[in-house]
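Tertiary structure, described
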Amino acid sequence: MRASRDADPGHARYVKLRPPRFRGYERRSQYLEMRDGTRIAVDVCLPRGLGGERVPTLLRQTRYFRRFRVHPALRPLLGEVTLDPMNGPMRRLFTTRGYAWVDVDVRGSGASFGERPCPWWLDGEVADGADIADWIVRQPWSSGLVGSTGVSYEGTTAEFLGITGHPAVRAVAPRFSLFDVYADVGFPGGLHSAYFTHAWETANAALDRNHPGEMIALIYMLQMHGAIDPRWARRLDRAVLRRGLGRVLDWGLGGVAGTDDDADGSRLTAALRSHAENYYVHDGATEVTFRDDVPRDAPIAGKSGDYFSPHAYVERLRDVAVLSYGGWFDGAYANAAVKRHAALSRLGADSRMLIGPWIHGGQLDLDPEAPGRKAVFDHAAELLRFFDCHLQPDGAAERKAPRVRYYLMGEGRWCDAPEWPPPGTRTSSFGLAAGYTLVLDGDGSGQDSATMSLDVGAGQRTRWRTLLCPFLVADGRGRSSQGYLVYESEPLPRPLVVAGNPVLVLRLTCNAPETAIVAYLQVVDGAGRAHLVSEGQLRTLHGTRLVEVANRPPSVEATFLRGDARTLTAGEAATHHVELLPLALRVRAGSRLRLS
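Now for a quick tour of the structure. (Residues numbered from 1 in each chain as written. Predicted model: local features only at pLDDT ≥ 70, side-chain atom pairs only at ≥ 80, totals over all residues. Heavy atoms only, no water.)

Between two packed helices, both the angle of their axes relative to each other and the distance between the axes serve to describe the pair. The contact between helix 4 (residues 122-138) and helix 5 (residues 153-163) brings their axes to 9 Å, and the two run at 75 degrees. In terms of their interaxial angle, helix 4 and helix 5 are classed as roughly perpendicular. From helix 4, Leu122, Glu125, Val126, Gly129 and Ala130 reach across to helix 5, where they touch Tyr153, Thr157, Phe160 and Leu161. Residues of the contact of helix 4 with helix 5, tallied by class, amount to 6 nonpolar, 2 polar and 1 charged. (Axes fitted to C-alpha atoms, helices over the stretch in contact; angles between N-to-C directions. Helix = DSSP H or I, 4+ residues; strand = E, 2+ residues; numbered from the N terminus. Parallel < 35°, antiparallel > 145°, perpendicular 65-115°, else oblique. Contact = heavy atoms within 4.5 Å. Nonpolar A, V, L, I, M, F, W, Y, C, P; charged D, E, K, R; others polar.)

The subject of this paragraph is the nonpolar core. The biggest cluster of nonpolar side chains holds 79 residues, and the ones touching the most others in it are Leu59, Val102, Trp120, Ile132, Ile136 and Trp141. Per element, the largest residue contribution to this core is 6 residues, and it comes from helix 8 (residues 212-227). Once you skip the residues sitting within four places of it in the chain, tryptophan 120 turns out to touch Glu125, Val126, Tyr153, Thr156, Thr157, Phe160, Leu178, Val181 and Phe308. Counting 68 residues, the second largest nonpolar core, distinct from the first, contains Met409, Ala417, Leu438 and Leu583. (Core = buried A, V, L, I, M, F, W, Y, C linked by side-chain atoms within 4.5 Å. Buried < 20%, exposed > 50% of the residue type's maximum accessible area, 1.4 Å probe, protein only.)

Looking at the secondary structure, you find aspartate 388 in helix 14 (residues 379-391). In contact with aspartate 388, not counting residues within four places along its chain, are Tyr14, Arg18, Tyr99 and Gly395.

Attention now goes to the packing of aromatic side chains. Summed over the entire model, instances satisfying the criterion amount to 26 aromatic pairs. Ring centres of tyrosine 182 and phenylalanine 187 lie 4.9 Å apart, and the angle between their planes is 15 degrees; this geometry places the pair in the stacked category. Measuring from ring centre to ring centre gives 4.9 Å for tryptophan 358 and phenylalanine 377, while their planes differ by 55 degrees; the resulting arrangement is tilted. Linking tryptophan 358 in the loop between strand 8 (351-356) and strand 9 (364-365) with phenylalanine 377 in the loop between strand 10 (373-374) and helix 14, this pair joins segments that are 19 residues apart in sequence. The residues tryptophan 358 and phenylalanine 377 share a single accessibility class, namely buried. In textbook terms, an aromatic cluster arises when at least three aromatic residues are bridged by ring pairs, as seen for Tyr64, Trp120, Tyr153, Phe196, Trp200 and Phe308. Across the ring face of tryptophan 414, the terminal group of arginine 405 is positioned such that the distance to the ring centre comes to 5.2 Å. Above the face of the tyrosine 195 ring, arginine 465 is positioned so that its terminal group lies 4.1 Å from the ring centre. (Phe/Tyr/Trp six-rings, centres within 6.5 Å; stacked < 30°, edge-to-face > 60°. Lys NZ or Arg CZ within 6 Å of the ring centre and 35° of its normal.)

Across the 9 residues of helix 3 (residues 88-96), 7 count as buried, placing the element largely inside the fold. Among the residues making up helix 3, those that are buried are Gly88, Met90, Arg91, Leu93, Phe94, Thr95 and Thr96. Of the residues one or two after helix 3, glycine 98 is the one with positive phi, at around 95 degrees.

With that settled, consider helix 4. Helix length check: helix 4 (17 residues) gives 23 Å between terminal C-alpha atoms against 24 Å at 1.5 Å per residue, within 8%. Along helix 4, the largest kink reaches about 30 degrees and is centred on aspartate 128. Here helix 4 lies mainly inside the structure; 13 of its 17 residues are buried. (Expected span 1.5 Å × (residues − 1). Bend = angle between axes of the 7 residues up to and from the residue.)

Listed below in structure tokens is the structure:
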């Protein structure tokens, strides 16, 4: 696999300025009792040889097991970086540089007690975060300052920890995580992402039975399905391979690790029993169409998905430093980072944003010029630099870091900007024209008719599946153009830099009262190779509005509320606005733009 270009030379320089002060760390684990008596399992990793020094703490709260037990025969072979490639290097770097690191099984998961009526339950899991911060600052090794980070679900727990308003929590870095539960993951464009909610529910149910091998087997199978002929993938689904792999992995991983104060394992057994009544969001999602819909069996009566969505509480983050961290090919989570940063900037908060050429978790670089490379960006060093600013007494100088850092694909370099989109961004319009062409500054006054197939799919290698498998090359290959309307531009006479959210304005007449629009934006290079760079979708019963402000690119406003639904009749013409996902890309001269 070719080397990635996503490295930041500043990381090596910064880590050199912060040489290790400690050699490794010592871990102990225990149960903490929350305000309502629920016991939560935590691991505390302290720098080895800390003595009486007080240090800041990084808190990571996870729904996916804070640590595996691991079969005794495999412990010498499986290091922490192998078992936890995203957090293992960070835990090691931070503890050697003078931080405590605390890992937590959130309420109703792993070795912790309790039930889960919804993700990020405010009165349960989120309030537990404040209780744990209280406990941390009382410890003799604590400096009284706390930060939090994490990927995906853990990134949202970090954001909610900031939302609690706990005075010790000074900085959070949500990485590759949602901001709006409805629009970013559950219902992008108003379309239920049923594949994701069902697969995620299946994986969580396996964890709650203490069978993590089943979840990891799902990840491996997704990676395999994306790499081989889909017909073979379907045969593998019917075979026993996944179940067999799950059993082997269960044997090796050994389930969730217990705690030091539970020598006979009785507490762990009781904790696992308490997860039996956990509520799974897919069941409720099947009853949701609009943002404000409430499932009939919702455990928290009267609460829609906005109840556990960070965007609904963004004003509570105004006094916390936030680093919104994402990847251009990570589902809709780059858009989540953009929206979070914009909302916090309007509040005058200390907000920073960083987006690279990555899929979910930042392990793979998908710059279209050479996709599928292993990323070499030092995520641990980037986070050390951010948290040093806010949690270390001598870190104030680093606060001059740019508000926005983004990776310009096609050129292979990092760019700094005071805002997003970058200042000086102009709008270019391409119109749909005769002969299925895209014409610069075209008026789009013509029309095309087509009979659309309803079984056209996105293929196996989609950005949405990386939310479940952070090792899947999400380049869109395997998605046939058959069944799509395809428009293509002439070769570009000069390079074009695209930065921001493309917007599709489509006037549509359909023989059904509602339908769905799914759009893909590709770049076709001089050799005829097509690279998927953005996409968007809209269920047409949702009303949309094009927002045009002077000196700003146009954007799309859609509330997805039932009261703003659009009632159309079959054959009625209507204009729809589809916001595609953000990107930053230099398109070479001679390349074509393709809209499917």
